[in-house]
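Listed below, chain by chain, are the residues.
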Amino acid sequence: MHVETLEWAGGRPGHVRMIEQTLLPGRHEVIDVATVEEMFAAIRRLAVRGAPAIGVAAGYGVLLGTQDLAGASGDEVLARTRATCERLAESRPTAVNLFWALNRMRTRAESEHAAGRDGDAILDALFAEAADIHAGDRDTCRRIGEHGAALIQDGWTMLTHCNAGALATGGMGTALAPIYVAHEQGKRVSVYADETRPLLQGARLTAWELMQAGVPVTLITDNMAGRVMFEGRIDAVIVGSDRIARNGDVCNKIGTYSVAVLAARHGIPFYVAAPLSTFDPDLAHGGLIPIEERAPEEVTEGFGSRTAPEGVAVYSPAFDVTPAELVAGIVTEVGLIERPDTARVEHALALGGRLQTAG
Ligand code: MRU
């Protein structure tokens, strides 16, 4: 059984309860998030993180921003929905699931308003939409797990980077879902987890949740990945994604590109697991994906200990882009996109109803 990273609590009005991921693995604390500003801050400080989980949190964030409007007019509820979406859209720039979820919430309010519904009916619809985003993600993760498990052979060792597990989604994860399902199926599967500098999502989160689930995991620092591949310890790489361009270029946590290059050098298949909500059909290639830059202190004094001279220049992109040509396949809820390119991505998006016509 995997951990649940966040949930809606208390009915209407209600609030979000989420694991404060910045404290893991030392402390497993659940916090209450009751306002839009608290949700904004939680997303920004990475209390809730990972593309699908950010999307689920954003959907609930719109509820936090509108639930005091019981009895208000449809115009007021729509205006507040739009303002809340605009605010939450400023929290982080790269994971497209944030914008996908906010777009669903705003579009739902707009269509209910256009149909002449009153404020309370629009609020009802927003609650249903947020719950559906969460339930849909849970279901999607399971499907990704089932499609991806078929790729994993008994006895395989997988390498992963960052955290794309239950902590990063509304369900059992993306990159870790195939591993969880293979484990459930009785396959012997083990994992090497990259530590993932500078915020250590691999060490703090992936190692923690795999150990909770009883999946054998070995922690390495990021610069050891080449060595473990050279030693023949890795059968396949699997990572999550924050945004995938229409041609299959994959944006994920900084360091993923290095892992993909190393995997290619060693003839190891490099897989990505992501829901269709992580695709951005509006971007023709990965060079167009906005890359978040994080504060220099995360590099020079992460976790309170100074490890670089005062005043040193720092550059800290939080994500990188792996070209589609290095990707063996993208596991989605509608199946595997093998050797992704524009036509294959468009075909999968059409199957999942995210494009009007099949490519
Ligand atoms: O900065 P983070 O921790 O939000 O970055 C998360 C990642 O890069 C994950 O690999 C990605 O969001 C996929 S999560 C299923």
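The residue count restarts for each chain, going from 1 along the sequence in the order it is written. Local features in this predicted model are restricted to residues whose pLDDT is 70 or higher, and side-chain atom pairs enter the listing and the counts only when it is 80 or higher, whereas totals over whole chains, interfaces and linings include all residues. Side-chain measures were taken over the full set of non-hydrogen atoms in the model, leaving aside hydrogen atoms and water.

Regarding the overall build of the protein chain
Here is step 1 of the chain: Here a helix means four or more residues in a row that DSSP labels H or I, a strand means two or more in a row labelled E, and each is numbered from the N terminus. When you go through the protein chain residue by residue, the secondary structure sums to 11 helices and 14 strands.
Here is step 2 of the chain: The C-alpha atoms of the protein chain give a radius of gyration of 20 Å, which matches the 21 Å a tight globule of 359 residues would have.
Here is step 3 of the chain: Across its three principal directions, the C-alpha atoms of the protein chain cover 65 × 50 × 40 Å.
Here is step 4 of the chain: Looking at the 359 residues of the protein chain, the share that counts as buried comes to 56%.
Here is step 5 of the chain: Counted over contacts in the protein chain with a minimum sequence separation of 6, partners at least 24 positions apart contribute 75%.
Here is step 6 of the chain: In this description, accessible areas are obtained by the Shrake-Rupley approach with a 1.4 Å probe, and a residue is regarded as covered only by the protein chains that are shown. Approximately 14,500 Å² of the protein chain is accessible, and the part contributed by carbon and sulfur atoms is 51%.
Here is step 7 of the chain: Side-chain charges of the protein chain comprise 32 positive and 46 negative groups, with the mean position of each set lying 3 Å from the other. To get the radius of gyration, use the C-alpha atoms; to get the globule rule, take the number of residues to the power 0.38 and multiply by 2.2 Å. Only protein chains enter the accessibility calculation, which uses a 1.4 Å probe; a residue is then buried when its area is under 20% of its type maximum, exposed when over 50%, and partly exposed in between. Whether two residues are in contact is decided by their heavy atoms: any pair within 4.5 Å suffices. Here Asp and Glu are counted as negative and Lys and Arg as positive; His is not counted, and neither are the chain ends. Where a charge lies is defined by one atom per residue type, namely NZ (Lys), CZ (Arg), CG (Asp) and CD (Glu).

Some thoughts on the site of the ligand
Here is step 1 of the chain: The criterion for a residue being near a molecule or strand is simple. One of its heavy atoms has to lie within 4 Å of it. Near the ligand you find 18 residues, and of these Arg49, Arg92, Asp242, Asn252 and Lys253 are the closest.
Here is step 2 of the chain: N or O atoms closer than or at 3.5 Å make up a polar contact, with two conditions inside protein: a donor-capable atom paired with an acceptor-capable one, and, for residues adjacent in sequence, both atoms drawn from side chains. Between the ligand and Arg49 there is a distance of 2.8 Å, counted from an oxygen atom to a side-chain nitrogen or oxygen.
Here is step 3 of the chain: One of the side-chain N or O atoms of Gln201 is found 2.9 Å from an oxygen atom in the ligand.
Here is step 4 of the chain: Notes on the ligand: free accessible area 420 Å², of which the protein chains cover 99%.
Here is step 5 of the chain: A molecule is said to occupy a pocket when more than half its atoms come within 2 Å of that pocket's grid points, and by this definition the ligand occupies the largest cavity.
Here is step 6 of the chain: Among the elements of the structure, helix H2 (51-66) and strand S9 (250-253) are those that each provide at least two residues to the shell around the ligand.
Here is step 7 of the chain: Boundary definitions for the domains trace back to an automatic or database domain assignment. Formed jointly, the shell around the ligand draws a minimum of three residues from each of two domains, domain 1 (6-142) and domain 2 (144-357). Space inside and on the surface of the protein is sampled on a 1 Å grid over the protein atoms alone, with a cavity defined as a set of points where a 1.4 Å probe fits but cannot get out and a pocket as an open set with protein on both sides within 12 Å along at least 5 of 7 lines; lining residues have an atom within 4 Å of a point. The way we define it, a molecule is inside a pocket or cavity when more than half of its atoms are within 2 Å of that pocket's grid points.

Side note on the packing of aromatic side chains
Here is step 1 of the chain: Ring pairs shown here join Phe, Tyr and Trp side chains whose ring centres sit within 6.5 Å, with only the six-membered ring taken for Trp; geometry is labelled stacked below 30 degrees between planes, edge-to-face above 60, and tilted in between. Taken as a whole, this structure holds 2 aromatic pairs when the rule is applied.
Here is step 2 of the chain: Ring geometry for Trp8 versus Phe127: centroids 5.7 Å apart, planes at 85°, classification edge-to-face. You can see Trp8 sitting in strand S1 (residues 6-9) and its partner Phe127 sitting in helix H5 (residues 119-149), a full 119 residues away along the chain. Comparing Trp8 with Phe127, the two get one shared label, buried.
Here is step 3 of the chain: Stacked on the ring of Phe40, the Lys or Arg Arg87 has its end atom at 3.7 Å from the ring centre. Lysine and arginine charges are scored as sitting over a ring when NZ or CZ, respectively, is within 6 Å of the ring centre and within 35 degrees of the ring normal.

Quick notes on the side chain of Arg294
Here is step 1 of the chain: Summarising the element assignment, Arg294 is placed in the loop between strand S11 (279-280) and helix H10 (297-300).
Here is step 2 of the chain: Classification of Arg294 as buried rests on a relative accessible area of 15%.
Here is step 3 of the chain: Only 3.3 Å separates the side chain of Arg294 from the backbone oxygen of Arg44, close enough to count as a polar contact.
Here is step 4 of the chain: Beyond its immediate sequence surroundings of up to four residues, Arg294 is in contact with Arg44, Leu46, Arg92, Leu199, Ser316 and Ala318.

What about the domain arrangement of the protein chain?
Size of an interface: often given as the accessible area lost when the parts come together.
Here is step 1 of the chain: Examined at the domain level, the protein chain breaks down into domain 1 (6-142) and domain 2 (144-357).
Here is step 2 of the chain: Taken residue by residue, the interface counts 28 residues in domain 1 and 39 residues in domain 2.
Here is step 3 of the chain: Buried area, as used here, totals the accessible surface that two parts lose on assembly, with accessibility defined by a 1.4 Å probe and the loss added over both. In total, domain 1 and domain 2 occlude about 2,700 Å² of area from one another, counting both sides; carbon and sulfur atoms represent 53% of this.
Here is step 4 of the chain: The term salt bridge refers to a pairing of a side-chain nitrogen on Lys or Arg with a carboxyl oxygen on Asp or Glu at a separation within 4 Å. Viewed at the interface, domain 2 and domain 1 are joined by 3 salt bridges.

Describing the nonpolar core
Here is step 1 of the chain: For our purposes a nonpolar core is just a set of buried Ala, Val, Leu, Ile, Met, Phe, Trp, Tyr and Cys residues, chained together by side-chain atoms within 4.5 Å. In terms of nonpolar packing, the biggest core is built from 41 residues, with Val16, Met18, Met39, Tyr60, Leu63 and Leu126 touching the most fellow members.
Here is step 2 of the chain: Of all elements in the fold, only S1, strand S2 (15-19), strand S3 (30-33), helix H1 (36-44), H2, helix H3 (74-88), helix H4 (96-114) and H5 reach the threshold of two or more residues within this core.
Here is step 3 of the chain: When residues of this core are assigned to their parent elements, the largest contribution, 10 residues, is made by H2.
Here is step 4 of the chain: Ignoring sequence-local partners within four residues, the contact set of Val16 consists of Leu6, Glu7, Trp8, Ile31, Asp32, Val33, Met39, Tyr60 and Leu64.
Here is step 5 of the chain: Listed in part, the 28 residues of the second largest apolar core include Val228, Ile234, Val327 and Ile330.

As for helix H11 (residues 342-351)
Here is step 1 of the chain: Regarding H11, the residues found buried are Val345, Glu346, Ala348, Leu349 and Ala350.
Here is step 2 of the chain: Those residues of H11 that are buried lie in contact with strand S8 (243-245), S11 and strand S14 (335-338).
Here is step 3 of the chain: The backbone nitrogen of Ala343 lies 3.3 Å from a side-chain oxygen of the residue at the head of H11, namely Asp341.
Here is step 4 of the chain: Following H11 by one or two positions, Gly353 has its phi on the positive side, about 75°.

What about the pattern of salt bridges?
Here is step 1 of the chain: Inspection of every chain in the model, using the stated rule, returns 28 salt bridges.
Here is step 2 of the chain: The residue Glu90 makes a salt bridge to Arg87 at a minimum N-O spacing of 3.2 Å.
Here is step 3 of the chain: Of the residues examined, Arg87 reaches a relative accessible area of 27% and is grouped as partly exposed.
Here is step 4 of the chain: Between Arg294 and Glu292 there is a salt bridge whose closest N-O contact spans 2.9 Å. Here Arg294 matches Glu292 in class, with each residue buried.

A closer look at the layout of surface pockets
Here is step 1 of the chain: Grid points are joined across faces, edges and corners, and a volume is the space filled by probe spheres set on the points. In this structure, the largest pocket spans a volume of roughly 320 Å³.
Here is step 2 of the chain: Elements with a contribution of two residues or more to the lining of the largest pocket: H2, H4 and H5.
Here is step 3 of the chain: Classifying every residue of the lining of the largest pocket by side-chain character gives 7 nonpolar, 7 polar and 7 charged.
Here is step 4 of the chain: Here the lining of the largest pocket gathers at least three residues from each of two domains, domain 1 (6-142) and domain 2 (144-357).
Here is step 5 of the chain: Volume-wise, the second largest pocket comes out at about 200 Å³.
Here is step 6 of the chain: Contributing to the lining of the second largest pocket are Val96, Phe99, Trp100, Asn103, Arg243, Ser277, Phe279, Asp280, Pro281, Asp282 and Arg354.
Here is step 7 of the chain: If you list the elements that add at least two residues to the lining of the second largest pocket, you get H4 and S11.
Here is step 8 of the chain: With 4 residues, H4 is the largest single contributor of residues to the lining of the second largest pocket.
Here is step 9 of the chain: Three residue categories are used. Nonpolar comprises Ala, Val, Leu, Ile, Met, Phe, Trp, Tyr, Cys and Pro, charged comprises Asp, Glu, Lys and Arg, and polar comprises the others, including Gly. Residues of the lining of the second largest pocket, tallied by class, amount to 5 nonpolar, 2 polar and 4 charged.

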